[in-house]
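Chain residues, written in single-letter form:
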Amino acid sequence: MLKDITLGQYFPGNSFLHRMDARVKLLLILVYIVILFTIKSIAVYALFTLFTAVVIMFSQIPLITIAKSVRPMMFFIVFTAIINIFMTPGDVVLVSYGIITITADGIVLAAKMVLRFLFLIIGTSMLTFTTEPLALTDSIERLLSPFRKIGVPAHELAMMMSIAIRFIPTLLEETEKIMKAQMARGADFESGNILKRSKALIPILVPLFISAFRRADDLATAMECRCYRGGDNRTRMKQLKMTVVDLKAGIAMTVFTALVIVGNILTK
């Protein structure tokens, strides 16, 4: 159900990742993503899996919560894997029947794509699970602040991203309520073909969009009533400050990056 979707949610805690500076976590997750798309061998994927497992252990986030973050994207992951299996040519043909051809290269590529999507979702979910939305907003603004000289609206971009992340759980809850109300009136969202199910979603999407625009208008009115004028001369209750924890995390990521580079070279 929609209530199981954990996208954009923050789970309070006092783990190693929770104590890290949000700016450091944001930079490290970018390095994590870059490393993920440079992996070429099974051995390096195994090393990457071990590193991700250690990160999850230090975050103290339940595995069931991690699984819920992956669940909404399973259809897209499976669809991508099927496309790669049937559309990738190769020298070693495993199955050939009519227009259907499955090669060893296709299976390997599909496995790599599945692992990349899984690690990408898990890594970004760990960022939102262990970082408060306000801290994430401040970190994005701080990291983008040097680009203000060339006209990049750092504060506005950070604020929009923060509001979007903040309202994901709210919209999911609103969708759940609308679905229950429509089901109580006899609506059926599970039976029939794809076209029928798509038409059944219209009674959900219309009130959901109306509710979203109403919330956006209320938020804009509230910000105007409080004389909100952006990031100029704005003070913060919680100041971002790097500690020894961030230094240890940076060293660990540097060592891990070096191991991945060496592993890619040795298994080339």
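These remarks concern the structure in this document. All of these numbers come straight from a predicted model, not from anything done at the bench.

Mapped onto the secondary structure, Pro203 falls in helix H9 (residues 202–225). As for Pro203 and Lys149, which are separated by 54 residues in sequence, their C-alpha atoms are 47 Å apart. Ignoring sequence-local partners within four residues, the contact set of Pro203 consists of Ile178 and Gln182.

Once that is clear, we can look at the packing of helix H1 (residues 22–36) against helix H2 (residues 42–59). Where H1 meets H2, the axes come as close as 12 Å, and the angle between the chain directions of the two elements is 155°. Considered as vectors, H1 and H2 are oriented roughly antiparallel to each other. You can see that H1 and H2 cross each other, and the crossing is left-handed. Side by side, H1 and H2 meet where Tyr32, Ile35 and Leu36 of the first sit next to Phe48, Phe51 and Thr52 of the second. Residue composition of the contact of H1 with H2, grouped by class: five nonpolar, one polar and no charged.

With 23 residues, helix H10 (residues 244–266) extends 33 Å between its outermost C-alpha atoms, agreeing within 8% with the 33 Å of an ideal straight helix rising 1.5 Å per residue. For H10, the set of buried residues is Val245, Asp246, Ala249, Met253, Phe256, Thr257, Val260, Gly263 and Asn264. For H10, the secondary structure elements touched by its buried residues are H1 and H2.

Calculation rules
- Sequence order as written defines the numbering, with residues in each chain counted from 1.
- At least 70 in pLDDT is required for a residue's local features to be given in this predicted model, at least 80 for side-chain atom pairs to be given and counted, and no such filter applies to totals for whole chains, interfaces and linings, which use all residues.
- Values shown for side chains rest on all heavy atoms present in the structure; no hydrogens or waters enter the calculation.
- Helix and strand definitions here come from DSSP, where helices need a minimum of 4 consecutive H or I residues and strands a minimum of 2 consecutive E residues; each element is numbered from the N-terminal end.
- Any two residues whose heavy atoms approach within 4.5 Å at even a single point are treated as in contact.
- Here an axis means a line fitted to C-alpha atoms, over the contact stretch when the element is a helix, while the angle between two N-to-C directions is reported on a 0 to 180 degree scale.
- Between 65 and 115 degrees an angle is taken as roughly perpendicular, under 35 as roughly parallel, over 145 as roughly antiparallel, and anywhere else as oblique.
- What makes a crossing left-handed is the near helix being turned counterclockwise from the far one by less than a right angle; a clockwise turn instead makes it right-handed.
- When residues are sorted by character, Ala, Val, Leu, Ile, Met, Phe, Trp, Tyr, Cys and Pro go into the nonpolar class, Asp, Glu, Lys and Arg into the charged class, and all the rest, Gly among them, into the polar class.
- Given a helix with a known number of residues, its expected span is that number minus one, times 1.5 Å.
- Each residue is placed in one exposure class: buried if its accessible area under a 1.4 Å probe, protein chains only, is under 20% of its type's maximum, exposed if it is over 50%, and partly exposed if it falls in between.

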